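Observations on the three-dimensional arrangement
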Number of protein chains: 2
Amino acid sequence: MSISSRFAVAIHILALLDINKEGRNTSEFIAGSVNTNPVVIRRVIGLLGKAGLVHTSPGVGGASLARLPREINLLEVYRAVQNDPPGELFAAHDKPNPKCLVGRNIQETLDTVFKRAESAMENELAKVTLDQIVFDLVRGDQ
Amino acid sequence: MSISSRFAVAIHILALLDINKEGRNTSEFIAGSVNTNPVVIRRVIGLLGKAGLVHTSPGVGGASLARLPREINLLEVYRAVQNDPPGELFAAHDKPNPKCLVGRNIQETLDTVFKRAESAMENELAKVTLDQIVFDLVRGDQ
DNA sequence: ATCACCTGTAACCATTGTAGTTACAATTGT
DNA sequence: ACAATTGTAACTACAATGGTTACAGGTGAT
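Chain A goes by DNA-binding transcriptional regulator, IscR family in an unreviewed UniProt entry, where it is assigned to Paenibacillus tianmuensis.

Structure follows, in structure tokens:
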């Protein structure tokens, strides 16, 4: 299965918070841009908040970036909204037969390969910062 | 969510087919090594067969590699058992609001980044061949 | 020809993650 | 007090997954 759209939504939210930094950015406003339910937005913002990427104003309403866009990279965002812990992008089959040469060693062999592939992906995400996303977004609009 | 354990199972099967190339390798035998149900094995072998990686002997029983282990890389295996089409590792949120600068352009921006990250992962898989897996497996057993 | 064995596949089930929705307590400015 | 908003719980519908049973069809041995 593919990686949850929460990741895409999170990036959307963060980009919007930067571009519309004058505005109030309530969950309802953001939901209008993402085209989903405000609760979905609040859930994602909750995760981003726990990760220290955004601040919210309960009662008042609205959210804002907790850091400069260039100090937020996509790997941080990915980790913030990802349920699975790092190192588990690829699922292993459990309890292969220890009486079999393959069953006895496959886990460790796969673990090495899988971690390498996962890291390669994450490194690409780490290279991209929010300000690059915003730049690309604005540029693409012309 | 993580990538289906079908991938791990598929690699397990292929490694076993190579190491136990003298044996008959029925789905039941393989299931014993993987520790799952024979039908699950047959399903995965079916996918590997369609991808041209293995041959089976209906009636007779057993499966075997259709190519030399060094001519099978993990990206091929990955594609063989993966349900999602290439380029969709990361899910996009659908129908963002075209009236919003962000909503109007986020899809394309994300697509570029997501594809880059996905390719980085796949490139790592493509580097690893089945004979390397088998070598590592056997080496780890000592 | 019969028989035992195996594959391929359909059908069904339980479990899990996801995303949308309603509802509401708690918070805050007016 | 009041209106607006966040944070969260609860519920729903849906899809993918992995396990299971069942069975039609192929194949070699006797």
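Side note on the overall build of chain A
What chain A contains, in helices and strands, is six helices and two strands. Each helix and strand of chain A, ordered N terminal to C terminal, gives the series α-α-α-β-β-α-α-α. The C-alpha radius of gyration of chain A comes to 19 Å, more than 25% above the 14 Å expected for a compact globule of 142 residues. Buried residues in chain A amount to 46% of all 142 residues. Carbon and sulfur atoms make up 51% of the accessible area of chain A, which amounts to about 7000 Å² in all.

Let's talk about the packing of aromatic side chains
As enumerated under the stated definition, the model contains eight aromatic pairs over all chains in all. Ring centres of Phe7(A) and Tyr78(A) lie 5.3 Å apart, and the angle between their planes is 70 degrees; on these two criteria the pair is classed as edge-to-face. Of this pair, Phe7(A) sits in helix 1 (residues 6-19) while Tyr78(A) is found in helix 4 (residues 74-81), placing the two residues 71 residues apart along the sequence. Each of the two residues, Phe7(A) as well as Tyr78(A), counts as buried. Both rings, one in Phe90(B) and one in Phe114(B), keep their centres 4.6 Å apart while their planes meet at 20 degrees; by these two values the pair is stacked.

Details of the protein's contact with DNA strand C
Taken together, 27 residues are adjacent to DNA strand C, and Ser5(A), Thr36(A), Arg43(A), Ser27(B) and Thr56(B) come closest. Among atoms of DNA strand C positioned within 4 Å of the protein, sugar and phosphate together represent 64%. A distance of 2.9 Å separates a phosphate oxygen of DNA strand C from a polar atom in the side chain of Ser4(A). At 3.2 Å, a side-chain N or O of Arg6(A) approaches a phosphate oxygen of DNA strand C. Of all the secondary structure elements, the ones that give two or more residues to the surface near DNA strand C are helix 3 (38-50) of chain A together with helix 3 (38-50) of chain B. At four residues, the largest contribution of residues to the surface near DNA strand C is made by helix 3 of chain A. A breakdown of the residues in the surface near DNA strand C according to their chemical character gives eight nonpolar, 13 polar and six charged.

Focus on the protein's contact with DNA strand D
Neighbouring residues of DNA strand D: 27 residues in total, closest Ser27(A), Thr56(A), Ser5(B), Thr36(B) and Arg43(B). Sugar plus phosphate, as a fraction of atoms of DNA strand D within 4 Å of the protein: 61%. The set of elements that each furnish at least two residues to the surface near DNA strand D consists of helix 3 of chain A together with helix 3 of chain B. Per-element accounting of the surface near DNA strand D gives the leading share, four residues, to helix 3 of chain B. For the surface near DNA strand D, the class distribution of residues is eight nonpolar, 13 polar and six charged.

A short note on the relation of the copies chain B and chain A
With an RMSD of 0.0 Å, the operation that places chain B on chain A is a rotation of 180 degrees combined with a shift of 0.0 Å along the axis. A rotation of that kind, with that shift, is consistent with a two-fold axis. Considering only C-alpha atoms, the part of chain B nearest the rotation axis is Met121(B), at 2.4 Å. A symmetric contact is evident, with 100% of the interface residues of chain B recurring at the interface of chain A.

Notes on the interface of chain B and chain A
Contacts between chain B and chain A engage 55 residues on the former and 55 residues on the latter. Buried area between chain B and chain A, summed over both chains or domains, comes out near 4600 Å², and the portion from carbon and sulfur atoms is 68%. One can count two salt bridges joining chain B with chain A. Run the count over chain B and chain A and you get 20 residue pairs in polar contact (both at pLDDT 80 or more). Counting only elements with at least two residues in the side of chain B that touches chain A, the list comes to helix 1 (6-19), helix 2 (27-34), helix 4 (74-81), helix 5 (101-127) and helix 6 (130-140) of chain B. With 16 residues, helix 5 of chain B is the single largest residue contributor to the side of chain B that touches chain A. Of the residues contributing to the side of chain B that touches chain A, the split by class is 32 nonpolar, 14 polar and nine charged.

Analysis parameters
- Along each chain, residues carry numbers from 1 onward, in the same order as the chain's sequence is written.
- Labels are handed out in written order, letters beginning with A for the chains and numbers beginning with 1 for the ligands.
- Selection of residues for local features in this predicted model requires a pLDDT of at least 70, selection of side-chain atom pairs for listing and counting requires 80 or more, and totals for whole chains, interfaces and linings are taken over all residues.
- Neither water nor hydrogens contribute to the side-chain values; these are computed over all heavy atoms in the structure.
- Each helix is a run of DSSP H or I of at least 4 residues and each strand a run of E of at least 2, with the numbering of both proceeding from the N terminus.
- When we talk radius of gyration, it's over C-alpha atoms, and the globule rule is simply 2.2 Å times the number of residues to the 0.38.
- Accessibility here uses a 1.4 Å probe with only protein chains present; expressed as a share of the type maximum, an area under 20% marks a residue as buried, one over 50% as exposed, and anything in between as partly exposed.
- Areas reported as accessible are Shrake-Rupley estimates using a 1.4 Å probe. Residue values count occlusion only from the protein chains shown.
- Each Phe, Tyr or Trp ring (for Trp, its six-membered ring) is paired with any other whose centre lies within 6.5 Å, and the angle between the two planes then decides the class: stacked below 30 degrees, edge-to-face above 60, tilted in between.
- Only a single heavy atom is needed: when it lies within 4 Å of a molecule or strand, its residue is near that molecule or strand.
- Two N or O atoms count as a polar contact when they lie within 3.5 Å, although within protein this holds only if one can serve as hydrogen donor and the other as acceptor, and sequence-adjacent residues are included solely when both atoms are side-chain atoms.
- Each residue is assigned to one class: nonpolar for Ala, Val, Leu, Ile, Met, Phe, Trp, Tyr, Cys and Pro, charged for Asp, Glu, Lys and Arg, and polar for all the others, Gly among them.
- Residues reaching a pLDDT of at least 70 in both copies supply the C-alpha atoms on which the copies are superposed by least squares.
- In what follows, residue pairs with any heavy atoms lying within 4.5 Å of each other are defined as contacts.
- Values labelled buried area give the accessible surface lost by two parts on being combined, using a 1.4 Å probe and summing over both.
- Basic side-chain nitrogens of Lys or Arg form a salt bridge, by our definition, when they fall within 4 Å of a carboxyl oxygen of Asp or Glu.

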